[in-house]
Amino acid sequence: MSRQLSNFPGGLHLPGHKELSVGEAVAAAEIPNRLIIPLHQHIGAAAEPLVEAGQKVLKGEMLAKAKGFVSAAVHASSSGTILAIEDRPVAHPSGLPALCIVLETDGEDVWCERHPVEDYHSLDPSALRNIIRDAGIVGLGGAGFPAYIKLNPGARTAVDTLILNGAECEPYITCDDRLMRERADEIIAGARIMRHALQASKSLIAIEDNKPEAIASVREALERLDIDDIEVVEVPTRYPMGGEKQLIKVVTGKEVPSQGLPLDIGVVCHNVATAAAVHRSVELGEPLISRIVTLTGGVERPRNLEVRIGTPIEELLPQAGGLSANVERLIVGGPMMGFTLQHREAPVVKTVNCILAATREMDASRGPVRPCIRCGACAEACPVSLLPQQLYWYARAKDFDKVQDYNLFDCIECGCCAYVCPSNLPLVQFYRFAKTEIWSQEREKKASDLARERHEFRTARIEREKAERAARMARKKAAVKGDQGTGDNAKKDAIKAAMERAKAKKEGAGTQPKNTEDLTKEQRRKLAEAKARREKALKDQAPNGASGGKEEK
Amino acid sequence: MLDMLTAILAIAGLAIVFGLLLGYAAVRFKVEEDPVVDQIDSILPQTQCGQCGYAGCRPYAEAIAAGEAEINLCPPGGENTMLALADLLGRDPIALDEEGKPQPKMVAVIDEDTCIGCTLCVQACPVDAILGAAKQMHTVIESECTGCELCVDPCPVDCIEMKPLEETIQTWKWPYPVVVEQRKR
């Protein structure tokens, strides 16, 4: 342990509950009869479908391509037939439906043609990023930001450190822990590819010290593969250590600026599962079609499953032994940052790391809500050094200017403030309400600016058309008036000129044929013969009468 | 005597110079319009619907600036607009009219089978959001429609309907938390 670790403010020591699901090795989940694959599983624009209903697809085939810069492709998680592209319920706090590709699996699970890269060192970083982009890889820690963008530092910054985030700080979740224990080689291979894409000078894997097996596994793999340029950093167990900015602060001692990106301080942070997915996409040619999901809480057999993207969540529950009797609701994500699932037929998407069955006892542990007593416990717990109490008052009063003055948008919604609140106030809900309300107002402002622009343009256009019509009328009027007075001289002149032109043309015609140039010898000879014949005929006719001249014409 | 004269001349000279300078500046940097009108106009939702009784958002903004209109006449803007106007102008907030209660955001939808292509709605649309030509089917560009309803009345075959804009995952907002606070006795 040579590295000097720093610290972040606030944070909590939470009961982990990780022992529930961590014991069993990751098993492959069953392939469902129908996969429901949403087009929008990431931050950014929804993917654009490339297939249509009735089409047969193979496992790994691209179903929809990334649209725009911030977007990610979507692939068939198994082989089968596309049934429809339609609105289906998805895992989102709103419970609203979204456009999904419904794929009926044929059970054969046949791969499409894969194109593994033999030696990624020979590719330049941008080609590597394109592979990762087309493989549809997004941040698998939960946020779902397209990974290739975070592997593209641009010309402005040199990347100093690549951090692989294996902290997994939220209670109950063990999918990254299992991944590090079982597939450390894949994570390491992915880390090397990412490092090449970023041209980063250092790379390290940060793991919370409550996962000694994972740490040992990664260390063992590094030793076995004889790799000494990736460091394993053991970080203390404290929620939210896995927050990107918190982890960077602890590992490097540097703070990401407010509203800034880790890249601003030369750091890039990726989840360990993202690294494994990058390895699979580049070195095996496999796009992101499955992920490890923790099924835990009130299920009979808590465990981790490797789940195909698009598997309905309700079909996973029997594979974890089914729900206990006292389960009230399902949470997507962990108990701190997750949200309640509204429709159990919603599919697993790339960002779903955990399905937590919340029992009545878990939900009842929070007491009744009481008024804020201004104790300040929330401010002490906040890992971003915000003033949650002030944010609460202003969000509650819908004072959206003030709430932004108190840096609402630096809030990571970790839930520490609400956890420690002795009055049990649902603080994070107020912040989420304020954030979405502000975004909505911004959208409305944009729409009204556009409407103003269009209205002004229309008004100007109508004015211009009116002026043009008036000018045209004025011209016409002047012309009509002119006919009776001075104007008809011009008309007469025009007629006269036209008559003269016609006359001149008439006179000019007939005297000299215009098509006598460029004739061949043969044609000239024939012409001369015809002329001679005509003259001879004329001579013969001349004594007989004067009609010849007329005929000649 | 001479000192006094010099002083008077100097002051008079300065007065003339500054007078000319100010006069020039007044012409050169003339403010075309009352800037407060722009500020009011930027708060209004720009639906151009005329529900306030004025010909559009800008005329209403001018009327407010002139003190001729109340600040609670804009139904599309609702309470937020009224409060923003009260804040900007230092006036007291007033409750919205009974009929001025905000409604869900709507868009016009043309029943394309019924449309006879008369172009009356195209002419009525204040933001050029309807596409169509004479004797050709018309359609509304949904993203540009402000939901002002001005196209509904002119239609001779009643084929335009106002439909509420459907909420999507992108436009969804977290609801205001319902908190029932219990006080300890």
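Residues numbered from 1 in each chain as written. Chains lettered and ligands numbered in written order. Predicted model: local features only at pLDDT ≥ 70, side-chain atom pairs only at ≥ 80, totals over all residues. Heavy atoms only, no water.

Student: Just checking my understanding: could you explain the overall build of chain A for this structure?
Tutor: Each helix and strand counted, chain A has 18 helices and 17 strands in total. Relative to the 2.2 N^0.38 estimate, which gives 24 Å for 553 residues, the radius of gyration of chain A is 39 Å and therefore markedly larger than a compact globule would have. Across its three principal axes, chain A shows a C-alpha extent of roughly 135 × 60 × 50 Å. Taking all 553 residues of chain A together, 48% fall into the buried category. A fraction of 73% describes how many contacts in chain A between residues 6 or more apart in sequence connect residues 24 or more apart. Counting 77 positive and 76 negative side-chain charges, chain A places the averaged centre of each group 13 Å from the other. (Helix = DSSP H or I, 4+ residues; strand = E, 2+ residues; numbered from the N terminus. Rg over C-alpha atoms; globule rule 2.2 N^0.38 Å. Buried < 20%, exposed > 50% of the residue type's maximum accessible area, 1.4 Å probe, protein only. Contact = heavy atoms within 4.5 Å. Lys, Arg positive; Asp, Glu negative; His and termini not counted. Charge placed at Lys NZ, Arg CZ, Asp CG, Glu CD.)

Student: Can you walk me through the pairing of strand 13 (residues 290–297) of chain A in this structure?
Tutor: Side-chain direction in a regular strand flips from residue to residue, so the side chains alternate between the two faces of the sheet. Residue and element names in this part refer to chain A. Among the eight residues of strand 13, eight are classified as buried, and the element is accordingly described as predominantly covered. Pairing analysis gives six bridges linking strand 13 to strand 14 (residues 303–308), with the strands arranged antiparallel. Bridging across to strand 14, Leu-295 finds its partner in Arg-303. If you look at the hairpin formed by strand 13 and strand 14, you'll find five residues sitting between the two strands. Where strand 13 and strand 17 (residues 354–359) come together, four bridges link them in parallel fashion. Looking at the pairing, Thr-294 lines up with Cys-354 of strand 17. (Pairing = 2+ DSSP bridges.)

Student: Looking at this structure, I do not really get the sheet that holds strand 9 (residues 161–166) of chain A. What am I missing?
Tutor: Pairing between sheet strands relies on hydrogen bonds along the backbone, with the strands arranged either parallel or antiparallel. All names here are of chain A. The parallel open sheet is built from four strands, whose spatial order is 11-10-9-12. Pairing within the sheet leaves two strands with one partner each, and these edge strands are strand 11 (230–235) and strand 12 (267–271). The mean angle between the axes of side-by-side strands here comes to 25°, regardless of whether they run parallel or antiparallel. The pairing of strand 9 with strand 12 spans five bridges and is parallel. Directly across from Thr-161, in strand 12, lies its bridge partner Val-267. Helix 5 (residues 184–198) rests against strand 9, strand 10 (202–208), strand 11 and strand 12 of the sheet, and its axis sits at about 150° to strand 9. Contacts from helix 8 (residues 272–283) reach strand 9, strand 10 and strand 12 within the one sheet, and its direction differs from that of strand 12 by about 85°. (Axes fitted to C-alpha atoms, helices over the stretch in contact; angles between N-to-C directions.)

Student: Just to check I follow, could you spell out the domain arrangement of chain A for this structure?
Tutor: Interface size, as often reported, equals the accessible area lost upon joining of the parts. Residue and element names in this part refer to chain A. Split by domain assignment, chain A resolves into domain 1 (18–360) and domain 2 (368–479). The interface is formed by eight residues belonging to domain 1 together with 11 residues belonging to domain 2. Surface buried jointly by domain 1 and domain 2 totals about 780 Å² across both partners, of which 51% is contributed by carbon and sulfur atoms. Of all residues in domain 1, the largest losses of buried area upon contact with domain 2 belong to Gln-246, Met-336 and Met-337, amounting jointly to 49% of the total for that side. Taken together, the connections running from domain 1 to domain 2 amount to zero salt bridges. (Domains from an automatic or database assignment. Buried area = accessible area lost by both parts, 1.4 Å probe. Salt bridge = Lys/Arg side-chain N within 4 Å of Asp/Glu carboxyl O.)

Student: Sorry, what's going on with the packing of helix 5 of chain A against helix 6 (residues 212–224) of chain A here?
Tutor: Packed helices, taken two at a time, are described by their axes: the angle between them and the distance between them. All names here are of chain A. Running from N to C, helix 5 and helix 6 cross one another at 65°; their axes reach a closest spacing of 9 Å. In terms of crossing hand, the pair formed by helix 5 and helix 6 is right-handed. Contacts from Ala-184, Asp-185 and Ile-188 of helix 5 reach helix 6 at Ser-217, Val-218, Ala-221, Leu-222 and Arg-224. Looking at side-chain class alone, the contact of helix 5 with helix 6 contains five nonpolar, one polar and two charged residues. (Left-handed = near helix turned anticlockwise from the far one by under 90°. Nonpolar A, V, L, I, M, F, W, Y, C, P; charged D, E, K, R; others polar.)

Student: Help me understand the pattern of salt bridges in this model?
Tutor: Oppositely charged side chains can pair when the atoms bearing their charge come close. All names here are of chain A. Per the stated rule, a full pass over the model turns up 37 salt bridges over all chains. Its salt-bridge partner being Asp-109, residue Arg-308 comes within 2.9 Å of it at the nearest N-O pair. One end of the pair, Arg-308, is in strand 14; the other, Asp-109, is in the loop between strand 8 (97–105) and helix 2 (125–134), and 199 residues separate them in sequence. On the basis of relative accessibility, which here comes to 14%, the residue Arg-308 falls in the buried class. With a shortest N-O distance of 3.1 Å, Arg-181 and Asp-177 are connected by a salt bridge. With Arg-181 and Asp-177 both in helix 4 (residues 175–182), this residue pair falls four residues apart, about one helical turn. Of the residues examined, Arg-181 reaches a relative accessible area of 25% and is grouped as partly exposed. A relative accessible area of 3% means that Asp-177 is categorised as buried.

Student: Whenever I open this one, the nonpolar core confuses me. Can you help?
Tutor: Side chains of a nonpolar character, in soluble globular proteins, are inclined to be buried together. Residue and element names in this part refer to chain A. Of all hydrophobic cores here, the largest spans 54 residues; its most connected members are Leu-164 and Ile-187. Ranked by residue count, the leading element in this core is helix 5, at eight residues. Among residues more than four places away in sequence, those in contact with Leu-164 are Ile-187, Ala-191, Met-194, Leu-204, Ile-205, Ala-206, His-270, Asn-271, Val-272 and Ala-275. Core analysis: the second largest hydrophobic core is formed by 24 residues, Ala-167, Cys-169, Cys-269 and Cys-414 among them. (Core = buried A, V, L, I, M, F, W, Y, C linked by side-chain atoms within 4.5 Å.)

Student: I'm lost on the packing of helix 4 of chain A against helix 6 of chain A in this one. Help?
Tutor: Residues and elements named next belong to chain A. Contact geometry of helix 4 with helix 6 gives a least axis separation of 7 Å together with a crossing angle of 35°. Helix-helix and strand crossings are classified by hand; for helix 4 and helix 6 the assignment is left-handed. Contact residues: Asp-177, Met-180 and Arg-181 in helix 4; Glu-213, Ala-214, Ser-217 and Val-218 in helix 6. Among the residues forming the contact of helix 4 with helix 6, the class breakdown is three nonpolar, one polar and three charged.

Student: Honestly, helix 12 (residues 388–396) of chain A in this entry has me stumped. Any pointers?
Tutor: Side chains three or four residues apart in an α-helix point the same way, a direct result of the helix having 3.6 residues per turn. Residues and elements named next belong to chain A. Counting buried positions over the nine residues of helix 12 gives seven, a clear majority of the element. Within the sequence span of helix 12, burial applies to Pro-388, Gln-389, Gln-390, Leu-391, Tyr-392, Tyr-394 and Ala-395. Following helix 12 by one or two positions, Lys-398 adopts a phi angle in the positive range, close to 55°.

Student: Just to check I follow, could you spell out a negative patch on the surface for this structure?
Tutor: Residues and elements named next belong to chain A. A cluster of acidic residues, Glu-30, Glu-314, Glu-315 and Glu-345, forms a negative patch on the protein surface. Examined against the element boundaries, Glu-30 turns out to sit in the loop between strand 1 (27–28) and strand 2 (34–38). Overall, the relative accessible area of 55% leaves Glu-30 in the exposed class. (Patch = residues over 30% accessible without salt bridge, like charges linked within 9 Å, V, L, I, M, F, W, Y side chains within 5 Å. Areas by Shrake-Rupley, 256 points an atom, 1.4 Å probe, with all protein chains shown as cover.)

Student: Is there a simple way to think about the domain arrangement of chain B in this case?
Tutor: Residue and element names in this part refer to chain B. Entries for chain B in the domain assignment read domain 1 (12–103) and domain 2 (106–164). With centres defined by C-alpha atoms, the gap from domain 1 to domain 2 works out at 30 Å. Taken together, the contacts link four residues of domain 1 with five residues of domain 2. Both sides of the domain 1 and domain 2 interface together cover about 390 Å² of buried area, and 57% of this is carbon and sulfur. When the area that domain 1 buries against domain 2 is broken down by residue, the three leading residues are Thr-47, Gln-48 and Cys-49, summing to 76%. Between the two partners, domain 1 and domain 2, sit zero salt bridges. Applying the counting criterion to the domain 1 and domain 2 interface returns one residue pair in polar contact (both at pLDDT 80 or more). Taken together, the residues of the side of domain 1 that touches domain 2 break down into one nonpolar, three polar and no charged. (Polar contact = N/O pair within 3.5 Å; in protein donor to acceptor, adjacent residues only side chain to side chain.)

Student: Can you walk me through the environment of Gly-367 of chain A in this structure?
Tutor: Assignment of secondary structure puts Gly-367 of chain A in the loop between helix 10 (360–364) and helix 11 (377–381). Here the alpha-carbon distance between Gly-367 of chain A and Pro-32 of chain A, two residues 335 residues apart in the chain, equals 40 Å.

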